[in-house]
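Analysis of the macromolecular model
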Amino acid sequence: MSDQDPPLNRPARARAGIAAFFARHRTATRIAAAAGLFALLGTGAVVASAATGAPAPLRPAAAGSSTSTTTSTPAPSEAPPPARPVPTAATAASPLRTCSVADLAADPRLANFQAQVVNATTGEVLFDRGGDTPSRTASVLKVLTSAAALRVLGHDYRATTTVVAGSAPGSVVLVGGGDLTLSRTPSGEESVYAGAAHLDQLADQTIAAWQADPANPPLTSLILDSSLFGGPGWDPSWDRKELSDGYMPEITALQVDGDRDNPSRSTSARSGDPVGRAGAAFADELGGGVSVSRGTAPAGARQLASVQSQPVSTLIQQSLTVSDNALAEMLARLVAVKSGAGNTFESLQQSTVAGLAPYGLDTSGILIADGSGLSDDNAVPPSYLTRLFIKINAREGNLGVIFDGLPVAGGPSGSLSYSDRFTGENAVADGAVFAKTGWIDTGYTLSGIIHAADGTPLTFAVYALGDVSDNAKQALDTITAGFFRCGDNLSNT
């Protein structure tokens, strides 16, 4: 037999074992139970303290130990809300402007009206009606042509007409240099272009140079070279009646007096053959008896004579003051040739826009069909003109040349001095509006600078387009006089 206790069934043995365990470990069990109860009471106190805001009681120190304080980890605080964005600089408040020209802008004589007015000092747009929409400008385009010419040609550039020896014995070649102001009037007598070069001066030099060489045979042949400008000489978008009405010649590199029938009249009928007219006049100055033909000068030909136009600065002022189409086309074509873009109407878009680029203004949307503005195919937004005129008013670079050529309301000369401009109540702006006029069958325009009544310099551009009549000019003058009266108080409503 074994020395183990006698066997019992399993449940009985389990109960007996548990009882024996507790009998042996009664003291330890009581201690553990007391500790658990204390822990529960402590937790309740902490919870109660959190709920009431009262401080939790300190945990009592164990007997026989030194007193210590338990540091609890604070609950994480909420993140501060993100700072509200604020502007880096305070935005200046715009003044409340109260001077309205809305009734003037609604004048039916203005038809399809576009406009923009800008404070030239601050650059702030004060008034806008379709100011960013490119549209036909009529003769206001001459301002862009002039600005491009000042950049590409320079203010002191002069167009030169020359005579060179021909390849055949007894022949000379008259080479057009693009000077449409060259005059057939006698020296000492002014044409419509004051200070222009004269054919008789060119003929005298030619004869003297020819006769200086005893080996030369008699001069018997004159060849006309107008190849500097390519054809056609007439833009397809122009109305042919402008030729007979006396506002525009064929554009050729060789002609005299802008091909006018009457060299002393600004508006005078033009011929259909400006090169032929110039050749016949020069042949007469040579003494007659010479045949006249068309051709080109031989390469490296000996120069016999030359005369020059007035400088570009003078040509611009002559062009702007009376809105001379021939001069504007002359400048535009010379810009194209000098820039390397070509020598035809098709080259003007590239050459003119490139010539304007150095002024740093956005030229997108600008379309250039000619240099004078006669074509309906030109397109310039009023906003481009107001920005360009800010620079003109400041006389940046050589742009003061343009300012000096602008017609002046009520002035002694120019297209704003006529009896139907700035009359009656509009005469209040006399002497204070410096602007380029424009007129074609489908629109009237005016753009420039206003020295307003309150002393504010304004730049402006106004277009009356579509089904318009001559009285659109007076409507443009009226709203411009309104801008003058309002000055910086001009309202856009």
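Just above, that's the structure.
Residues numbered from 1 in each chain as written. Predicted model: local features only at pLDDT ≥ 70, side-chain atom pairs only at ≥ 80, totals over all residues. Heavy atoms only, no water.

Right, let's talk about the overall build of the chain for a bit. Counting secondary structure elements, the chain contains 13 helices and ten strands. Within the chain, the proportion of its 493 residues that are buried is 46%. Of the contacts formed within the chain by residues at least 6 apart in sequence, a portion of 68% connects residues at least 24 apart. Accessible surface, the chain as shown: approximately 23,600 Å² in total, 55% of it carbon and sulfur. (Helix = DSSP H or I, 4+ residues; strand = E, 2+ residues; numbered from the N terminus. Buried < 20%, exposed > 50% of the residue type's maximum accessible area, 1.4 Å probe, protein only. Contact = heavy atoms within 4.5 Å. Areas by Shrake-Rupley, 256 points an atom, 1.4 Å probe, with all protein chains shown as cover.)

A separate point is the pattern of salt bridges. It is possible for side chains bearing opposite charge to pair when their charged atoms get close. For the structure shown, the criterion picks out 17 salt bridges. Close ionic contact of Arg97 with Asp488 constitutes a salt bridge, the shortest N to O distance being 3.3 Å. Residue Arg97 is found in the loop between α2 (26-52) and α3 (102-105), and its partner Asp488 is found in the segment after α13 (472-486); the two are separated by 391 residues along the sequence. Arg97 gets classed as buried once you look at its relative accessible area, which sits at 15%. Residues Asp273 and Arg294 are paired through a salt bridge, measuring 3.0 Å at the closest nitrogen-oxygen approach. Here Asp273, found in the loop between α6 (241-245) and α7 (274-285), pairs with Arg294, found in strand β6 (residues 291-294); they are 21 residues apart in sequence, far enough to count as distant. (Salt bridge = Lys/Arg side-chain N within 4 Å of Asp/Glu carboxyl O.)

The next subject is the side chain of Ser171. Counting through the fold element by element, Ser171 comes out in strand β4 (residues 171-175). With relative accessibility at 2%, the residue Ser171 sits in the buried group. Engagement of the side chain of Ser171 in a polar contact is seen with the backbone oxygen of Ala168, the distance being 2.6 Å. Those residues within four positions of Ser171 in sequence are excluded, and the remaining contacts are Ala165, Gly166, Trp210, Ser221 and Ile223. (Polar contact = N/O pair within 3.5 Å; in protein donor to acceptor, adjacent residues only side chain to side chain.)

So, on to the environment of Gln114. Mapped onto the secondary structure, Gln114 falls in strand β1 (residues 112-119). In this structure, the C-alpha to C-alpha distance between Gln114 and Thr445, residues 331 residues apart in sequence, is 9.5 Å. One polar contact links the side chain of Gln114 to the main-chain carbonyl oxygen of Gly130, over a distance of 3.0 Å.

Take the sheet that holds β6 next. Taken together, five strands build an open sheet; the order of strands is β6-β5-β4-β3-β7 and the sheet is mixed. Either end of the sheet is taken by a strand with one partner, and the two such strands are β6 and β7 (303-308). Each neighbouring strand pair of the sheet contributes to a mean axis angle of 20 degrees, computed without reference to strand direction. Across four bridges, strand β3 (residues 160-165) lies against β4 in antiparallel orientation. Across the sheet, Val164 pairs through a bridge with Val173, a residue of β4. Lying on the sheet, helix α5 (residues 199-211) is in contact with β3, β4 and β7; it crosses β7 at an angle near 160 degrees. (Pairing = 2+ DSSP bridges. Axes fitted to C-alpha atoms, helices over the stretch in contact; angles between N-to-C directions.)

This paragraph deals with the layout of surface pockets. Considering only enclosed or pocket space, the largest pocket measures out at about 650 Å³ in volume. Contributing to the lining of the largest pocket are 31 residues, with Ser139, Tyr247, Val322, Ser323 and Trp439 lying nearest its centre. Mapped by element, the contributors of at least two residues to the lining of the largest pocket are α6, α9 (325-339) and β8 (433-440). Per-class residue counts for the lining of the largest pocket are eight nonpolar, ten polar and 13 charged. (1 Å grid on protein atoms, 1.4 Å probe; cavity = no way out; pocket = protein on both sides within 12 Å on 5 of 7 lines; lining within 4 Å. Points joined across faces, edges and corners; volume = space filled by probe spheres on them. Nonpolar A, V, L, I, M, F, W, Y, C, P; charged D, E, K, R; others polar.)

Ordered in space as β2-β1-β10-β9-β8, the five strands form an open sheet in which the pairing is antiparallel. On the outer flanks of this sheet lie β2 (125-129) and β8, each paired with one strand and no other. In this sheet, neighbouring strand axes are inclined to one another by 5 degrees on average, regardless of whether the strands run parallel or antiparallel. Taken together, the four bridges between β1 and β2 define a ladder with antiparallel strand orientation. Counterpart to Val117 in the pairing with β2 is Phe127.

Turning to its location among the elements, Thr456 is positioned in the loop between β9 (443-451) and β10 (457-465). For Thr456, a relative accessible area of 12% gives the class buried. Separated by 2.9 Å, the side chains of Thr456 and Asp454 make a polar contact. When residues no more than four places from it in sequence are discounted, the contact partners of Thr456 are Asn119, Ile450, His451 and Asp488.

So, on to the pairing of β8. Burial of β8 is extensive: seven of the eight residues sit out of reach of the surface. Note that β8 and β9 share eight bridges and pair antiparallel. When the sheet's bridge partners are listed, Thr437 is paired in β9 with Leu446. Hairpin remark: β8 followed by β9, antiparallel, with two residues in the connecting loop.

Bringing the state of the cysteines into the picture now. Going through the model one piece at a time under the given rule, you end up with one disulfide. Note on cysteine connectivity: Cys99 is disulfide-linked to Cys486, with sulfurs 2.0 Å apart. Residues Cys99 and Cys486 are joined through a disulfide that is left-handed, its torsion about the S-S bond being -65 degrees. Of this pair, Cys99 sits in the loop between α2 and α3 while Cys486 sits in helix α13, placing them 387 residues apart in sequence. Judged by its relative accessible area of 22%, Cys99 falls in the partly exposed class. For Cys486, a relative accessible area of 5% translates into the label buried. (Disulfide = S-S within 2.5 Å.)

Inspection of the secondary structure puts Ala209 in helix α5. For Ala209 and Gln303, which are 94 residues apart along the polypeptide, the C-alpha to C-alpha distance reads 9.1 Å. Setting aside anything within four residues of it in sequence, one finds Ala209 in contact with Asn216 and Leu304.

Glancing now at helix α8 (residues 312-322). For α8, the set of buried residues is Val312, Ser313, Leu315, Ile316, Gln318, Ser319 and Leu320. The elements touched by buried residues of α8 are α4 (141-152), α9, α12 (400-405) and β8.

Now for the nonpolar core. Core analysis: the biggest nonpolar cluster contains 59 residues, and Leu144, Ile392 and Ile402 have the highest contact counts within it. Only α4, α8, α9, α10 (348-356), α11 (382-393), α12, β8 and β10 provide two or more residues apiece to this core. Counting residues per element, this core draws most heavily on α9, which supplies eight residues. Formed by 32 residues, the second largest nonpolar core is a distinct cluster that contains Val101, Ala115, Phe127 and Ala429. (Core = buried A, V, L, I, M, F, W, Y, C linked by side-chain atoms within 4.5 Å.)

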